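The chain contents come next:
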Amino acid sequence: MSRKGGEVSMAATVFFPDLEALVMHFLDILHESKRLTWHDGLIPESQIWLKLGGDHGGGNFKLSIQIANTENPNATNNTIPVAIFCEKDTPANLLTALGQYRSQVEKLQQSCWRLKNIILFLFGDYEFQTTNYGLSGSGGVSVKHTTVVLSLGTTSIKP
């Protein structure tokens with residue numbers, strides 16, 4: 001679903017239902033294939049760093065997770081798509097389509113993998129970042145009706 005000028009319309013949407021299970025599965029695969037790294041101490045041994053973000057392109061918004069504890073975290077084989085919807089990444093569309101991930105992201109942030117804490121970072125293009133953090137957009141106009149869809153533990157950010 002998407003919101004256009006206050007009107008809700010249907011849009012094709014695909015979601016992965018359990019982020020934590022997906023991430024744990026990929027971490028197990030990377031561990032078994034000896035592809036995890038802590039980048040010579042840049043990432044503390046007690047942590048797994050994940051990047052959660054999105055981008056609009058080709059008529060679709062794509063949300064993905066990247067595991068930073070790999071040799072090339074931005075590589076396609078280290079990028080896990082978790083949601084796609086066929087609309088622009090406006091604040092209203094992000095709220096409508098991605099609101100269901102809020103509790104899953106909070107749960108993922110509190111989880112551990114093999115006694116290593118999961119640390120989550122938000123990434124994306126400028127428009128995605130400003131939308132999620134409720135900042136002024138590229139045109140300098142304040143985003144008035146934004147919601148932090150994917151709360152990353154920052155209690156000072158308010159919808």
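Details of the structure are given in the entry above.
Now for a look at the structure at hand.

Each value, and the rule that gives it
- Residues numbered from 1 in each chain as written.
- Predicted model: local features only at pLDDT ≥ 70, side-chain atom pairs only at ≥ 80, totals over all residues.
- Heavy atoms only, no water.
- Helix = DSSP H or I, 4+ residues; strand = E, 2+ residues; numbered from the N terminus.
- Contact = heavy atoms within 4.5 Å.
- Core = buried A, V, L, I, M, F, W, Y, C linked by side-chain atoms within 4.5 Å.
- Buried < 20%, exposed > 50% of the residue type's maximum accessible area, 1.4 Å probe, protein only.

1. Side note on the environment of glutamine 104
With respect to the helices and strands, glutamine 104 occurs in helix 3 (residues 101-109). Between the C-alpha atom of glutamine 104 and that of aspartate 18, which follows or precedes it by 86 residues, the distance is 7.3 Å. Excluding residues within four positions of it along the chain, glutamine 104 makes contact with Pro17, Asp18 and Leu19.

2. Description of the nonpolar core
Ranked by size, the top nonpolar core spans 31 residues in total, and within it Leu27, Leu50 and Leu63 carry the most contacts. Among the elements that make up this core, the one with the highest residue count is helix 1 (residues 19-32) (6 residues).

3. Examining the environment of methionine 10
Tracing the chain through its elements places methionine 10 in the loop between strand 2 (7-9) and strand 3 (13-15). Separated by 77 residues in sequence, methionine 10 and glutamate 87 place their C-alpha atoms 9.8 Å apart.

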